[in-house]
Amino acid sequence: MTASGAVWHNWARTEKVRPKRVERPTSAEAVQRAVIAAGKAGMRIKAVGAGHSFTGIAVATGVQLDLNDISGIIGVDEAAGRVTVAAGTRLHQLPALLAPYGLALANMGDIDRQSISGATSTGTHGTGGAFGGLATQIVALTLVTGDGSVLHVSETENSELLPAARLGLGALGILVDVTIQCVPAFLLHAVEIAEPLDAVVDGFLERSAAVDHFEFYWFPHTQTALTKTNTRLPTDAARAPLPRFGRWVDDELLANGLYRVTCGLGAAIPPLVPGFSRMAEKVSGRRDFTDLSPSVFVTNRTVRFREMEYAIPLEAVPAALREVRALIEKRGWKISFPIEVRSAAADDLWMSTAGGRATGYIAVHRYFRENPTEYFMAVEAIMRGHGGRPHWGKMHYQNAESLRTVYPHFDEFVAVRNRLDPERRFTNVYLDRVLGR
């Protein structure tokens, strides 16, 4: 147990808090003791991972549980390809942990700094019309509930809770481990190329269905989309990774270093932004390489930004994106960050943004020194017009009343919350807003 005094910030600097107490448990039993002690003291308690949520979903005003010391592999079922990992394990640690068993995550997002518990609890996902988010890969988990009890949830134990607990928003308890259904390790053949925006938007549905993983980025004020197409290959296929120096130039010097400078200048002098975007459009070239899946899925991001991402029915993506494009032109905003467009398969998780429907994702961003409110709220209005659901870990302005209308199992999830945390030991301002008290 450690008395606090330090202010905790999330990565995007959208949230900060000075917890009354910080604890760093090293076992599930220590988590139990912390929850029981918090209850006796009448304090709320929250687990925190890497702080990569843009919302206040992990903000702890009472007891903050730092799970960094609950990390690593707990058990492996090699025959089934299932691996149990401790909740504080970071996604970027998993490739090395899984490699000795010849296994990999079925899909990943493009950032891997998050903890496995934080990423799954907020609905983190990658892209691919036949693939679900990270939480869909969970087949079992262990929670410490509001009274300090340990609850195991799996296909054979408390299975009725799986649709709620696999993506639990941190509202049902403290995750101490998760069991992931992995797949045999695989390669990805990546093709990254600049293409005319209109053609890419028109063909988005077909390309999302035709290839394993398709996404694109569009810099406002340009006519070009930067497309990324990844095709899955067995590990005995020929590898052709990017040269180390070439990758450093593209991903670190240009995508992070130079881009940080242009974002800073654009924030200070907004009329410069369209010119910078058109410059990026001209220098974007083709990249064609093949490597192990984590090396292709993940991109290092060091330029801080704020993000809002909405999930809408897949077929609505082209129309919604055209509306956002028209909105930016009408308002005359100078937007330096690209808009990202991805897809995911329907799943059966109650609070998943892809629950019950094939889904397209549209993400908008602003440099962290710029105020995103006007832009984000206007884009949110468009997305809500298409039945949009906001990413739980990214900025949005909805509440329990509005979210209940787009989540068919909303009240069932709240009922599970009432059962596992009747005293709201794990709540905070954000969860009160999106789930109600």
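The rules behind these values
- Residues numbered from 1 in each chain as written.
- Predicted model: local features only at pLDDT ≥ 70, side-chain atom pairs only at ≥ 80, totals over all residues.
- Heavy atoms only, no water.
- Pairing = 2+ DSSP bridges.
- Helix = DSSP H or I, 4+ residues; strand = E, 2+ residues; numbered from the N terminus.
- Contact = heavy atoms within 4.5 Å.
- Axes fitted to C-alpha atoms, helices over the stretch in contact; angles between N-to-C directions.
- Left-handed = near helix turned anticlockwise from the far one by under 90°.
- Salt bridge = Lys/Arg side-chain N within 4 Å of Asp/Glu carboxyl O.
- Buried < 20%, exposed > 50% of the residue type's maximum accessible area, 1.4 Å probe, protein only.
- Phe/Tyr/Trp six-rings, centres within 6.5 Å; stacked < 30°, edge-to-face > 60°.

Enquirer: Please provide a residue-by-residue account of the sheet that holds strand S16 (residues 224–234), values included.
Expert: Spatial ordering of the open sheet is given by S17-S14-S16-S15-S19-S20-S18-S21, a layout of eight strands whose pairing is antiparallel. Either end of the sheet is taken by a strand with one partner, and the two such strands are strand S17 (287–292) and strand S21 (389–390). With six bridges joining them, strand S14 (residues 186–196) and S17 adopt antiparallel strand pairing. If you follow Val-191 over to S17, its bridge partner there is Asp-288. Helix H10 (residues 317–331) contacts strand S15 (213–218), strand S18 (305–313), strand S19 (339–344) and strand S20 (359–367) of the sheet and is inclined by roughly 170 degrees relative to S19.

Enquirer: Requested: an account of the packing of H10 against helix H11 (residues 373–384), with residues and values cited.
Expert: In the contact formed by H10 and H11, the axes pass within 10 Å of each other and the chain directions differ by 145 degrees. The handedness of the crossing between H10 and H11 comes out as right-handed. Contact residues: Ala-320, Glu-323, Val-324, Leu-327, Ile-328 and Arg-331 in H10; Glu-374, Tyr-375, Ala-378, Val-379, Ile-382 and Met-383 in H11.

Enquirer: So what's going on with the pattern of salt bridges? Residues and values would help.
Expert: Taken as a whole, this structure holds 23 salt bridges when the rule is applied. With its nearest N and O atoms 3.2 Å apart, the salt bridge here joins Asp-348 to Arg-166. In this pair, Asp-348 is assigned in the loop between S19 and S20 and Arg-166 in the loop between helix H4 (162–165) and strand S12 (174–181), connecting sequence segments 182 residues apart. You can call Asp-348 exposed: its relative accessible area is 53%. One salt bridge in this structure joins Arg-437 and Asp-432, with 3.3 Å as the shortest N-O distance. Residue class for Arg-437 comes out exposed when judged on its relative accessible area of 73%. The exposure class assigned to Asp-432 is buried, which follows from its relative accessible area of 12%. Here the salt bridges share partners, and the residues they tie into one network are Glu-307, Glu-309, Glu-340, Arg-342 and Lys-394.

Enquirer: Account for the side chain of Asn-230, with residues named and values stated.
Expert: Counting through the fold element by element, Asn-230 comes out in strand S16. For Asn-230, a relative accessible area of 7% translates into the label buried.

Enquirer: Residues and numbers for the packing of aromatic side chains, please.
Expert: How two aromatic rings sit relative to each other is given by the distance of their centres and the angle of their planes. Taken as a whole and judged by the stated rule, the model has twelve aromatic pairs. Here the aromatic rings of Trp-333 and Tyr-375 are separated by 5.5 Å at their centres, their planes lie at 70 degrees, and the arrangement is edge-to-face. On the criterion of sequence distance, the pair formed by Trp-333 in the loop between H10 and S19 and Tyr-375 in helix H11 is long-range, its members being 42 residues apart. For the pair Tyr-367 and Phe-368, a centre-to-centre distance of 5.3 Å together with 85 degrees between the ring planes defines the contact as edge-to-face.

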